[in-house]
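Chain by chain, the residues:
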Amino acid sequence: MDERAILDHQFTVAAYAITWIIQLAYVAWLGFKWRAQKRNQDSRGQRL
Amino acid sequence: MKRLAIGLSVAVTVALMVWGFYQAIYVAPDEQTMHEVQRIFYYHVPSAMVAFLFFAISLCGSIGFLAFRRNRPEWAQASDAWALAGAEVGVVFCTVVLITGPLWGRRAWGIWWTWDARLTTTLVLWLIYVSYLLLRRFAAGPQMQTLAAVLGIFGALDVPIVYMSNRWWRTQHPAPVFGGGEDSGIKDPAMMHAFGWNVLAWLAWGLLILALRYHVERQNQKFAAQNAQQALDA
């Protein structure tokens, strides 16, 4: 593999990895938000 | 039944993502001039397409909110939730576009960024929708949803400008994949298949998180309404 091919490979891997990091980080944040919301609702239901 | 449908949607989406990845990395041939780095295209372009679709959903939600806010409050709240979900998930996909694009550009053009029409209008689009999300996060009061809806409509006006930018102006960005004339588009059927599968996979993924974001926002609205009612009753 020449240097150009190695760099091409690294940039491609970086693009794919960053895409997945962004998407999964957003889904994780959404999941935490959803869980916190459910917890709030449950504790509110117990108070009523 | 609902749980089964959700489980099935997740399973289909994961299968599509794996299949799309396999097609993009192992099946699609190397492009002759750009070689391996061209494979970034299989994530970059579908992400842009899904971002545009979700900004369009946000536009419909914003228009719906303004149309229903006086006579159908429940519809207005649902429209507002779609507007927010579309904008937020759209920003996520647009962020992917703005990061994967320069990674490709660095190898293909030798530069990370250039202020050409396609890149600049995409950055402006992202900034408008980030402003929209900041407005929703930090503005308070009953007018917030109305202001956000107006900003959402203005933001969506940039989508056709981004789409047409490399037709209207001479740009460094590659020609459009679809509708760009005889010299543009994907010629190799294997590349076209890989591209098609990835469009389908990212669309399925996007719709799944859009539905989840909508659900969270609707729950949030109901919770806020209950709190307001309790405060009035107390």
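Not measured: the values here are computed from a predicted model.

Caption draft 1: Layout of the overall build of chain A. Helix and strand counts for chain A stand at one helix and zero strands. Buried positions account for 12% of the 48 residues belonging to chain A.

Caption draft 2: Here's a closer look at the interface of chain B and chain A. At the interface, 22 residues of chain B touch 21 residues of chain A. Going through the elements one at a time, helix H3 (73-108) and helix H7 (189-233) of chain B are the ones with two or more residues in the side of chain B that touches chain A. Split by residue class, the side of chain B that touches chain A holds twelve nonpolar, five polar and five charged.

Caption draft 3: Up close: unusual backbone geometry. Its identity is not glycine, yet histidine 35 of chain B carries a phi of approximately 60°, on the positive side. Looking at the element boundaries, histidine 35 of chain B is found in the loop between helix H1 (2-27) and helix H2 (41-68).

Caption draft 4: Inspection of the confidence of the model for chain B at higher detail. Residue and element names in this part refer to chain B. Summary statistics for chain B give a mean pLDDT of 90 and a share of 95% for residues scoring 70 or more. Across chain B, element-level confidence peaks in H2 with a mean pLDDT of 96 and bottoms out in helix H6 (residues 158-168) with 90. Under the prediction, the complex receives an ipTM of 0.89, its pTM being 0.92.

Caption draft 5: Fine view of H1 of chain B. Residues and elements named next belong to chain B. A rise of 1.5 Å per residue sets the reference length of H1, with its 26 residues, at 38 Å; its end C-alpha atoms lie 36 Å apart and thus fit the reference within 8%. Of the positions making up H1, those classed as buried are Thr13, Gly20, Gln23 and Ala24. On its buried side, H1 packs onto H2 and H7.

Caption draft 6: Spotlight on the packing of H2 of chain B against H7 of chain B. Residues and elements named next belong to chain B. As a packed pair, H2 and H7 sit with axes 9 Å apart at the nearest point and diverge in direction by 45°. The pairing of H2 with H7 is recorded here as oblique in orientation. Two packed elements cross with a definite hand, and for H2 against H7 that hand is right-handed. Touching Tyr42, Tyr43, Val45, Pro46, Ser47, Met49, Val50 and Phe54 of H2 are Ala194, Phe195, Asn198, Val199, Trp202, Leu203, Gly206 and Leu210, all from H7. Here the contact of H2 with H7 is built from residues that sort into 13 nonpolar, three polar and no charged.

Caption draft 7: Quick peek at helix H5 (residues 144-156) of chain B. All names here are of chain B. The terminal C-alpha atoms of H5 lie 18 Å apart, and with 13 residues this matches the ideal 18 Å at 1.5 Å per residue to within 8%. All of the buried residues in H5 are Gln145, Ala148, Ala149, Gly152, Gly155 and Ala156. Take H5 and look down its axis: the buried residues cluster within an arc of 125°, on one side only. Buried positions along H5 lie against H2, H3, helix H4 (117-138) and H6.

Caption draft 8: The environment of serine 79 of chain B, seen in detail. All names here are of chain B. Mapped onto the elements, serine 79 comes out in helix H3. Taking the C-beta count within 10 Å as the criterion, serine 79 has 23 such neighbours and is therefore assigned buried. Counting along the chain gives 37 residues from serine 79 to aspartate 116, while the straight-line C-alpha distance between them is 35 Å. Ignoring anything within four residues of it in the chain, the contact list for serine 79 reads Gly61, Gly64, Phe65 and Phe68.

Here is what the cut-offs are and how they apply
- Residues numbered from 1 in each chain as written.
- Chains lettered and ligands numbered in written order.
- Predicted model: local features only at pLDDT ≥ 70, side-chain atom pairs only at ≥ 80, totals over all residues.
- Helix = DSSP H or I, 4+ residues; strand = E, 2+ residues; numbered from the N terminus.
- Buried ≥ 20, exposed ≤ 12 C-beta atoms within 10 Å, placed from the backbone.
- Contact = placed C-beta atoms within 7 Å.
- Nonpolar A, V, L, I, M, F, W, Y, C, P; charged D, E, K, R; others polar.
- pLDDT = per-residue confidence, 0-100.
- Expected span 1.5 Å × (residues − 1).
- Axes fitted to C-alpha atoms, helices over the stretch in contact; angles between N-to-C directions.
- Parallel < 35°, antiparallel > 145°, perpendicular 65-115°, else oblique.
- Left-handed = near helix turned anticlockwise from the far one by under 90°.
- Arc of directions from axis to C-beta.

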